Amino acid sequence: MTAEIINGKELSTELKLEMKEEVEKLKELGLTPHLTVVLVGENPASKSYVKGKEKAAAETGISSSLIELSASTSEAELLQLIQELNEDKTVHGILVQLPLPEQIREEKVIETIHPNKDVDGFHPISIGKMMTGEDTFLPCTPYGIITMLKSKDIEIEGKHAVIIGRSNIVGKPIGQLLLNENATVTYCHSRTKNLQEIASNADILIAAIGRAHAITAEYVKEGAVVIDVGINRLENGSLTGDVDFENAKEKASYITPVPRGVGPMTITMLLKNTIKAAKGLSKIEG
Ligand code: GUN
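First things first, this report covers the structure right here in the doc. In this text the structure is predicted, and so the values were computed from the model without any measurement.

The terminal C-alpha atoms of helix 10 (residues 262–278) lie 25 Å apart, and with 17 residues this matches the ideal 24 Å at 1.5 Å per residue to within 8%. With 13 of its 17 residues buried, helix 10 lies for the most part within the structure. Note on helix 10: the residue one or two positions beyond its end, Gly280, has a positive phi of about 75°.

Attention now goes to the site of the ligand. Around the ligand, the structure places Leu95, Val96, Gln97, Leu98, Asp120 and Phe122. Contact distances for the ligand include 2.8 Å between a nitrogen atom and a backbone N or O atom of Val96. For the ligand, a nitrogen atom lies 3.1 Å from a polar atom in the side chain of Gln97. Summarising the interface, the protein chains cover 82% of the accessible area of the ligand, which totals 280 Å² for the free molecule. By residue class, the composition of the shell around the ligand is four nonpolar, one polar and one charged.

On to the environment of Ala71. Residue placement: Ala71 occurs in the loop between strand 3 (63–69) and helix 3 (75–87). For Ala71, a relative accessible area of 44% translates into the label partly exposed. Through-space distance from the C-alpha of Ala71 to that of Asn180 is 39 Å; in sequence the pair is 109 residues apart. Once you skip the residues sitting within four places of it in the chain, Ala71 turns out to touch Val40, Gly41, Pro101 and Gln103.

The amide bond that connects Leu98 to the next residue, Pro99, takes the cis arrangement and shows omega of 0°. By the element assignment, Pro99 lies in the loop between strand 4 (93–96) and helix 4 (106–112). A cis amide bond, omega -5°, links Val258 with the succeeding residue Pro259. The topology assignment puts Pro259 in the loop between strand 11 (254–255) and helix 10. With phi around 75°, Asn182 is a residue other than glycine that occupies positive phi space. By the element assignment, Asn182 lies in the loop between helix 7 (171–180) and strand 6 (184–188). In this model, His213 sits at a positive phi of 55°, which is unusual for a non-glycine residue. The topology assignment puts His213 in the loop between strand 7 (204–207) and strand 8 (225–228).

Definitions and limits used
Residues numbered from 1 in each chain as written. Predicted model: local features only at pLDDT ≥ 70, side-chain atom pairs only at ≥ 80, totals over all residues. Heavy atoms only, no water. Helix = DSSP H or I, 4+ residues; strand = E, 2+ residues; numbered from the N terminus. Expected span 1.5 Å × (residues − 1). Buried < 20%, exposed > 50% of the residue type's maximum accessible area, 1.4 Å probe, protein only. Near = heavy atom within 4 Å. Polar contact = N/O pair within 3.5 Å; in protein donor to acceptor, adjacent residues only side chain to side chain. Areas by Shrake-Rupley, 256 points an atom, 1.4 Å probe, with all protein chains shown as cover. Nonpolar A, V, L, I, M, F, W, Y, C, P; charged D, E, K, R; others polar. Contact = heavy atoms within 4.5 Å.

What follows is the structure in structure tokens.
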């Protein structure tokens, strides 16, 4: 079998066009969705992600602003800024780019963002609601993956989904979202024994490890759906995924490439969440 490719770039373009129309309507009603991104320090990867977010926002008519703080910013200063953004009625979504310098505790920052503006879906209240299946902001990469699966009408119910990676941003929440869709979910990680045996049982295989081409064709069951969340930079500067795409695609039924796979979807779902925030959905009083 040669897999059908799920092109996240094309799907993103379609979704952004839909969002652009929605934003135009909101603007006619006097509501311009606004995303504020906070970047602390000079991490080059973070800078490039943030640029991508600003560009995508502009494409859909969402307004965005970037607050850049020095790497020596204290935790108290950042928390103070977040409080101000929480109170600013013109700001609908707040995103603090991770990772943060080591003097700042990430969990304090995440907990300070008001849940109604938590467009990353990282706040414990958002995570709790996701677990119980209530409407909330979903973390952008898992939300993007589910959207990709649904765009191809891929059946999730009753399927065995194997997640490789257990980060708070990707692995844990994608497992939860697939469970919410009635998949049978197995989490694997760096301490998992017999990884290949478990992975090769998956109907839906999610690779979120962060190691180039770690998932070879031997990890892929014939006909499996393979979602590659990895973004690894090779020595020659090019980007590649966690999956050995060329060989895995000969066994999979569907596969996502890198680039033009999950990556563009992450930013697109952030914009969806920003519109949701502006519309005051997913609201918590107080
Ligand atoms: N760093 C890497 N991915 C993300 C993300 O989705 N959100 C934020 N805030 N930081 C990140």
